[in-house]
Structure formats: structure tokens, C-alpha cells
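Structural overview
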Amino acid sequence: MLNITTAHGRALIGKRYFVGPARVPFEAPRERLVLLTIAGKPAIAKSPAPGYPGTLRLAVIQRFPRDNQPGIMAWIDNTEMSLEAAATLAEEIMGVR
């Protein structure tokens, strides 16, 4: 697995290449996990716990592994952005915007 990571203050932003099943180790109560679609791709977000701002996490599967190509996951961790702003940034990371 290869990670391309950039730090933005406390936030970590990047892309990850993977083989096999996509693993996103978000642990939170179900009400804090949000399944969504970003630029037509499946995504999951973990909203911040009450009293812990700056802990939004987002992962988008840009491509699932196929044939000899690895999968690609764009991700944003520990950001103070809103979910909408993080989704827009994820689109930029994926080259959609």
C-alpha cells in the first residue's frame, strides 16, 4: 500500500493505493457514520464527537482494484471543515474539480 499524504495544520489529506478489500478503520457509534456519494463514488464519513471539533474523517473510493490495477482511496482525517467542504476538497484530490 502506498500513501501520498499532506498535512494541513492538524488535518491529514491524501490518496492511498490498495489491493483487496477497501479498509476504512472508522470506529464510532452508527449515528456518527455517514454513507454518501461524492462525484459518483462511494464514500464514508465519521462526524466529530460532541466536544471534539476538528475530528471529521472522510474516505472516498475513487477506484476499486481490478485486473492488475490497485484501488485508489482519497481521504481526509482530523479536519475542522464541514462535511460539505471536505467533500469538495475530496473532489479536488480526485481531480474532479
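Everything quoted here is computed from the prediction, not taken from an experiment.

**Quick notes on the overall build of the protein**
Secondary structure summary: the protein contains one helix and six strands in total. Along the protein, helices (α) and strands (β) appear in the sequence β-β-β-β-β-β-α when read from the amino end. Within the protein, buried positions represent 36% of all 97 residues. By sequence separation, contacts in the protein at least 24 residues apart represent 44% of the contacts at least 6 residues apart. Total accessible area on the protein is roughly 6000 Å²; 54% of this is exposed by carbon and sulfur atoms.

**Side note on unusual backbone geometry**
In this structure, D67 takes a positive phi of about 50° despite not being glycine. Take D67: it is sitting in the loop between β5 (56-63) and β6 (71-79). By relative accessible area, which is 79% here, D67 ends up exposed. Located in the positive-phi region is N78, a residue other than glycine, with phi close to 55°. With respect to the helices and strands, N78 occurs in strand β6.

What counts, and at which threshold
- Residues numbered from 1 in each chain as written.
- Predicted model: local features only at pLDDT ≥ 70, side-chain atom pairs only at ≥ 80, totals over all residues.
- Heavy atoms only, no water.
- Helix = DSSP H or I, 4+ residues; strand = E, 2+ residues; numbered from the N terminus.
- Buried < 20%, exposed > 50% of the residue type's maximum accessible area, 1.4 Å probe, protein only.
- Contact = heavy atoms within 4.5 Å.
- Areas by Shrake-Rupley, 256 points an atom, 1.4 Å probe, with all protein chains shown as cover.

Function cannot be read off these values alone, since they describe shape.
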